[in-house]
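The primary structure of each chain is shown beneath.
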Amino acid sequence: MASKDQKAHQKQLKDEYLRAQQAASASRMPLDAEQLQQLLEHVDAAVLAAGCDHGLRATEAWAHAHRIDVERLREGLEEYGGFCDCEVVMNVYVEDVFTARRQQAPGTRR
Ligand SMILES: [Zn+2]
């Protein structure tokens, strides 16, 4: 009977799977954490000032200004539910995108 070991092993496999998934998502984001933070601040200000046009106008303007590949950025943001400027602000969090790289202990998130 190795059921206890087996359970621990399954949990380990699951943890590794989740980590790999997060790492894969993070790797799709062509920005580092600091750039993503800047993007979110830019888009947040743009949406507050002009509203959302149900596209990624502010996001794409920022990407062009910072020589970021717009297509890759769009795919990276869609991964987190950011299909238009206001959704980027609402759904994309730097912490979520980069948690896999910077392991945080549970309970330390803001
Ligand atoms: Zn929107």
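Residues numbered from 1 in each chain as written. Predicted model: local features only at pLDDT ≥ 70, side-chain atom pairs only at ≥ 80, totals over all residues.

### Brief notes about helix α2 (residues 33-50)
(1) Moving on: The end-to-end C-alpha distance of α2 is 25 Å, a good match for the 26 Å that 18 residues give at a rise of 1.5 Å each.
(2) Moving on: Within the span of α2, buried status applies to Leu 36, Leu 39, Val 43 and Val 47. Buried positions in α2, seen along its axis, are confined to an arc of 60 degrees and lie on one side of it. Across from the buried face of α2, at angles greater than 90 degrees, the exposed residues are Glu 34, Glu 41, Ala 45, Leu 48 and Ala 49.
(3) Moving on: Tucked inside the fold, the buried residues of α2 contact α3 (57-65), α5 (85-91) and α6 (94-98).
(4) Moving on: A positive backbone phi angle near 80 degrees is found at Gly 51, which sits one or two residues after α2. (Helix = DSSP H or I, 4+ residues; strand = E, 2+ residues; numbered from the N terminus. Expected span 1.5 Å × (residues − 1). Buried ≥ 20, exposed ≤ 12 C-beta atoms within 10 Å, placed from the backbone. Arc of directions from axis to C-beta. Contact = placed C-beta atoms within 7 Å.)

### Here we look at unusual backbone geometry
(1) Moving on: Its identity as a non-glycine residue notwithstanding, His 54 has a phi of 60 degrees, on the positive side.
(2) Moving on: In this structure, His 54 sits in the loop between α2 and α3.
(3) Moving on: Judged by the 11 C-beta atoms lying within 10 Å of it, His 54 is exposed.
(4) Moving on: A positive phi angle is found at Arg 67, which is not glycine, with a value near 55 degrees.
(5) Moving on: Within the secondary structure, Arg 67 sits in the loop between α3 and α4 (70-78).

### Thoughts on the packing of α3 against α4
(1) Moving on: Their axes nearest at 10 Å, the elements α3 and α4 cross at an angle of 135 degrees. Taken together, the axes of α3 and α4 are oblique relative to one another. Crossing handedness for the pair α3 and α4: right-handed. Judged by residue contacts, Thr 59, Glu 60, Ala 63 and His 64 of α3 engage Val 70, Leu 73 and Leu 77 from α4.
(2) Moving on: Taken together, the residues that form the contact of α3 with α4 break down as 4 nonpolar, 2 polar and 1 charged. (Axes fitted to C-alpha atoms, helices over the stretch in contact; angles between N-to-C directions. Parallel < 35°, antiparallel > 145°, perpendicular 65-115°, else oblique. Left-handed = near helix turned anticlockwise from the far one by under 90°. Nonpolar A, V, L, I, M, F, W, Y, C, P; charged D, E, K, R; others polar.)

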